[in-house]
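# Breakdown of the fold
These are the residues of each chain, in order.
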Amino acid sequence: MPSFRCGVEGSLWRRAGKSARNALLERADDEGSSGGGSILHGNVRLETEPFGDSYNVFMNGERPAGGVLGIDEEMGPVPPNWSVYFYVDDCDAIHERAVALGGSIHMPPMDYPEVGRGCVLGDPQGGTFAVIKLVSPPD
Amino acid sequence: MTKENFYDGDRSEYPAGTFCWIDLATDPGAAKSFYGELLGWDYLVVPTDVGTTYNLATIEARQVAAICPLPEERAGRPPYWLSHVSVANADEAATKAVDLGGTLLMEPFDVMTAGRISVIQDPTGALFSVWGRRITLAPRW
């Protein structure tokens, strides 16, 4: 992991704030049925490894292109959406700062086993986004 | 594929079928302040050909996302982050999306010199855009 830090209060890694991954949230009964693979590229396919049945990965050729997970009832009234994730180096610190800046919490920080720690936030105007601290960030 | 290589590092090209850009449609003034404070973004303000501004968010002068006003037809509705997918041809992708049960929220249109995009709602309701690029906006992260 690069040691160079940038930005606010020295708390962001070099890639902090950059888009990490897009994930499609779909209702569980519609999971994987969007036809997105067909729209996006002939090579796109869905894989369930290595994240298990709860998270499918769109593969574009040999490269992962996005992910799909079902919307559980416990998530509340979440419409199907493509979520954006930003890399951060400290999920809990970003969570606290977001609240201090007038943001809201859609999902408090939680650990994704072997992946990292993330939370889903709302900006003060109502936009929704996620942040994630990765166990193994890219170079 | 492993968990370790699921995440993108720096990249300079976006082959068809790859997420290539994100932008937030919102009240730009307030949102720029929030995201700037939270994530350390600076902004390059770019005038558009429709009289609005497109605020390119940067880290170390590298463009990572953008913040823009809500389109007129969605004024007053909630802000949203829109994910753009690179395609070879936006018109062909839009036609295919309709064939597959999608709905075009914006017919393909030219984004100044940057390319041609269409905003699509998939059959489950999720929004995304297809972007046939003429230039690379340099969204390298």
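What counts and how
- The numbers attached to residues start from 1 for each chain and follow its sequence in the written order.
- Key to labels: chains lettered from A, ligands numbered from 1, both in the order written.
- Restriction of local features to residues with pLDDT of at least 70 applies here, the model being predicted, together with a cutoff of 80 or more for giving and counting side-chain atom pairs; totals for whole chains, interfaces and linings are based on all residues.
- The side-chain figures draw on all heavy atoms in the structure; neither hydrogens nor water molecules are used.
- Two cysteine sulfurs form a disulfide in these notes if their separation is within 2.5 Å.
- In this scheme, a residue with accessible area under 20% of its type's maximum is buried, one over 50% is exposed, and one in between is partly exposed, where area comes from a 1.4 Å probe on protein chains only.
- Where helices and strands are cited, they refer to DSSP runs of H or I of at least four residues and of E of at least two residues respectively, numbered from the N terminus.
- This arc is taken over the directions from the axis of the helix to the C-beta atoms.
- Two N or O atoms form a polar contact when they lie within 3.5 Å of each other; inside protein one atom must be a possible hydrogen donor and the other a possible acceptor, and for residues adjacent in sequence the pair counts only when both atoms belong to side chains.
- Centres within 6.5 Å make a pair out of two Phe, Tyr or Trp rings, where for Trp the six-membered ring is used; the pair is then stacked when the planes are under 30 degrees apart, edge-to-face when over 60, and tilted otherwise.
- Here, any two strands with at least 2 DSSP bridges between them count as paired.
- Joining through side-chain atoms within 4.5 Å is the link that ties buried Ala, Val, Leu, Ile, Met, Phe, Trp, Tyr and Cys residues into a set, and such a set is a nonpolar core.
- What counts as an axis is a line fitted to C-alpha atoms, over the stretch in contact for a helix, and the angles between N-to-C directions run from 0 to 180 degrees.
- The contact rule is simple, with two residues in contact once any of their heavy atoms fall within 4.5 Å.
- pLDDT is a residue-level measure of predictor confidence that goes from 0 to 100.

## With respect to the state of the cysteines
Counted according to the given criterion, the structure contains zero disulfides over all chains. The thiol of Cys91(A) is unpaired, and the distance to the nearest cysteine sulfur, on Cys119(A), comes to 3.8 Å. The exposure class of Cys91(A) is buried, given its relative accessible area of 2%. Looking at Cys68(B), it has no disulfide partner, and the nearest cysteine sulfur is the one in Cys20(B), 14 Å off. For Cys68(B), a relative accessible area of 14% corresponds to the buried category.

## So, helix 2 (residues 90-99) of chain B
Residues spaced three or four apart along an α-helix face the same direction, because each turn holds 3.6 residues. Residues and elements named next belong to chain B. Ala90, Ala93, Ala94 and Ala97 are the residues of helix 2 that are buried. Considered in projection along helix 2, the buried side chains sweep an arc of 100° and stay on one side of the axis. Along helix 2, the residues that are exposed and aim more than 90 degrees away from the buried face are Glu92 and Asp99. Its side-chain oxygen 2.9 Å from the backbone nitrogen of Asp91, Asn89 forms the N-cap of helix 2.

## A few points about the packing of aromatic side chains
Applying the stated criterion to the full structure yields ten aromatic pairs over all chains. Ring geometry for Trp82(A) and Phe19(B): centres 4.8 Å apart, planes at 65°, overall edge-to-face. Here Phe19(B) lies in strand 1 (residues 18-26) and Trp82(A) lies in strand 7 (residues 81-87), a pairing that spans two chains. Across the pair, Phe19(B) and Trp82(A) agree in class, each one buried. Taken together, a centroid distance of 6.3 Å and an interplanar angle of 75° make the contact between Phe129(A) and Phe34(B) edge-to-face.

## Some details on the pairing of strand 2 (residues 42-47) of chain B
Residues and elements named next belong to chain B. Pairing of strand 2 with strand 3 (residues 53-59), which is carried by six bridges, proceeds in the antiparallel orientation. Residue pairing for strand 3: Pro47 is matched across the bridge by Thr53. Connecting strand 2 to the antiparallel partner strand 3 that follows it, the hairpin turn spans five residues, and Gly51 within it adopts a positive phi of roughly 85°.

## Describing the nonpolar core
By size, the foremost hydrophobic cluster in this structure holds 24 residues, and its most contacted members are Phe86(A), Phe129(A), Val131(A), Tyr35(B), Leu39(B), Trp41(B) and Trp81(B). Mapped by element, the contributors of at least two residues to this core are strand 7, helix 2 (91-100), strand 9 (116-122) and strand 10 (128-134) of chain A together with strand 1, helix 1 (28-39), strand 3 and strand 4 (62-69) of chain B. No other element matches the five residues that helix 1 of chain B contributes to this core. Trp21(B), Cys68(B), Tyr80(B) and Leu127(B) belong to the second-largest nonpolar core, a separate cluster that totals 15 residues.

## Observations regarding the sheet that holds strand 8 (residues 127-133) of chain B
Residues and elements named next belong to chain B. Taking strand neighbours across the sheet as the criterion, the eight strands line up as 2-3-4-1-5-8-7-6 in an open arrangement whose pairing is mixed. Edge positions in the sheet fall to strand 2 and strand 6 (103-111), since each of these pairs with one other strand and no more. Ignoring strand direction, the axes of neighbouring strands in this sheet form an average angle of 30°. Of the strand pairs in this sheet, strand 6 and strand 7 (residues 115-121) are connected by six bridges, and their pairing is antiparallel. The partner of Asp110 across the bridge, within strand 7, is Arg116. Sitting on the sheet, helix 1 is in contact with strand 1, strand 2, strand 3, strand 4 and strand 5 (80-87), with an inclination near 150° to strand 4. Along the sheet face, helix 2 touches strand 5, strand 6, strand 7 and strand 8 and points at about 10° away from the line of strand 7.

## Side note on the side chain of His84(B)
Residue and element names in this part refer to chain B. By secondary structure assignment, the location of His84 is in strand 5. Under the relative-accessibility criterion, His84 is labelled buried at 2%. Every residue in contact with His84, bar those within four places of it in the chain, is listed here: Thr18, Phe19, Cys20, Trp21, Ile22, Asp23, Ile117, Ser129 and Trp131.

## Describing the confidence of the model for chain A
Per-chain confidence: chain A averages 70 in pLDDT, with 60% of residues scoring 70 or above. Contacts from residues 27-43 of chain A, a stretch scored under 50 in pLDDT, to residues over four places away or in other chains number 41 contacts.

## With respect to the pairing of strand 7 of chain A
All names here are of chain A. Of all the seven residues making up strand 7, six are buried; the element is thus mostly covered by neighbouring parts of the structure. Across three bridges, the pairing between strand 7 and strand 10 is parallel. Note on strand 10: the bridge partner recorded for Tyr87 is Ile132.

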